[in-house]
Amino acid sequence: MSATDVQEVVRTELLISEITEADRQALAALWERYDVFRGVRGTLDFIEMTWQNPTSTILLGKISGALISSVTVGYDGHQGWIYGICVDQPARRHGHGRATIVAAENWLRGRGAGAVALQVRFTTLSVLGFYDKLGYSFQNMVLLGRNL
Ligand SMILES: CC(C)(COP(=O)(O)OP(=O)(O)OC[C@H]1O[C@@H](n2cnc3c(N)ncnc32)[C@H](O)[C@@H]1OP(=O)(O)O)[C@@H](O)C(=O)NCCC(=O)NCCS
C-alpha cells in the first residue's frame with residue numbers, strides 16, 4: 001500500500017505508511033517501552049517476519065518523521081487480524097490511535113477482507129473503551145492457541 005492510500009484516513013499531521021528497514025529499531029523500542037509485544041521470538045525477529053510475510057504488514061504513524069504509533073495487520077483469507085496498536089504516551093488522546101486502526105482497516109478492505117478481529121489481554125482490559133469507540137464488540141467465542 002502506498003502512503004497515499006492510508007493518508008486519506010489520517011487526522012491532521014499524522015502520516016501513516018508501511019514500515020521500512022530504517023524503522024525497525026525505533027519500532028522495537030516503542031513496543032518494548034509499552035510492553036506491546038509478547039511472543040516466542042524476539043521483537044526484531046517478529047518485526048522481520050511480519051514485514052516479509054506477503055499477507056501482513058506493520059503500519060507506522062509519524063509526525064515530522066518521529067514514530068508516534070504502530071499497528072500490525074494481517075489477512076488470513078477469512079478475516080483480518082489487528083495486533084499491537086500502540087501510540088506513544090505523550091501523543092495519546094489526539095485521535096492517532098483511531099487513525100492508525102482505521103488505516104489498518106483500510107489496508108484490509110483493500111485486500112478483500114470483510115471482517116476484522118483483535119485480541120485484548122486480560123491485563124489490558126482498560127483499553128476496551130477505546131475499541132468500543134471504534135465500533136469493536138465482544139464476539140461470542142473463546143480464543144484458544146498453542147505454540148508450534
Ligand atoms: C489504546 C491506545 C492505542 C489509544 O490511543 P489514542 O491515540 O489515545 O486513542 P484516540 O485518541 O484515537 O482515541 C479514540 C477514542 O477512544 C477514546 N479512548 C482512548 N483511549 C481510551 C481508553 N483507554 N479508555 C476509553 N476510551 C479511550 C478516546 O477518548 C477517543 O474517543 P472519542 O472518539 O470519543 O474522542 C493507547 O492508549 C495505547 O497505545 N495504549 C498502550 C498500548 C495498548 O494497550 N494497546 C492495546 C493492545 S490490545
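Our subject is the structure that appears above.
Residues numbered from 1 in each chain as written. Predicted model: local features only at pLDDT ≥ 70, side-chain atom pairs only at ≥ 80, totals over all residues.

Asks: Talk me through the site of the ligand; I want residue IDs and the actual numbers.
Replies: For the ligand, the set of nearby residues contains 19 residues, the closest of which are Arg92, Gly97, Arg98, Gly129 and Phe130. Contributing elements (two or more residues each) for the shell around the ligand: β4 (80-87), α4 (96-109) and α5 (128-133). Grouping the amino acids of the shell around the ligand by side-chain chemistry returns eight nonpolar, seven polar and four charged. (Near = placed C-beta within 6 Å. Helix = DSSP H or I, 4+ residues; strand = E, 2+ residues; numbered from the N terminus. Nonpolar A, V, L, I, M, F, W, Y, C, P; charged D, E, K, R; others polar.)

Asks: Give me unusual backbone geometry: which residues, what numbers.
Replies: One non-glycine residue with positive phi stands out, namely Ser64, at about 50 degrees. With respect to the secondary-structure elements, Ser64 resides in the loop between β2 (56-63) and β3 (66-75). Even without a glycine there, the phi angle at Arg93 is positive, about 65 degrees. Note on placement: Arg93 falls in the loop between β4 and α4. You can call Arg93 exposed: it has 8 C-beta atoms within 10 Å. (Buried ≥ 20, exposed ≤ 12 C-beta atoms within 10 Å, placed from the backbone.)

Asks: Lay out the pairing of β3 in plain terms, naming residues and giving numbers.
Replies: Here β3 lies mainly inside the structure; eight of its ten residues are buried. Bridging between β2 and β3 involves eight bridges; their strand directions are antiparallel. Paired with Lys62 across the bridge in β3 is Leu67. Two elements, β3 and β4, share six bridges in a ladder whose sense is antiparallel. Looking at β4, one finds that Gly74 is bridged to Trp81. Between β3 and the antiparallel strand that follows it, β4, lie four residues; Gly77 among them carries a positive phi value of about 95 degrees. (Pairing = 2+ DSSP bridges.)

Asks: Account for α4, with residues named and values stated.
Replies: A rise of 1.5 Å per residue sets the reference length of α4, with its 14 residues, at 20 Å; its end C-alpha atoms lie 20 Å apart and thus fit the reference within 8%. Within the sequence span of α4, burial applies to His96, Gly97, Ala99, Thr100, Ile101, Ala103, Ala104, Trp107 and Leu108. (Expected span 1.5 Å × (residues − 1).)

Asks: Tell me about the environment of Gln52, and please be specific about residues and values.
Replies: Counting through the fold element by element, Gln52 comes out in helix α3 (residues 43-52). On the basis of neighbour counts, which here come to 9 C-beta atoms within 10 Å, the residue Gln52 falls in the exposed class. Between the C-alpha atoms of Gln52 and Leu144, which are 92 residues apart in sequence, the distance is 26 Å.

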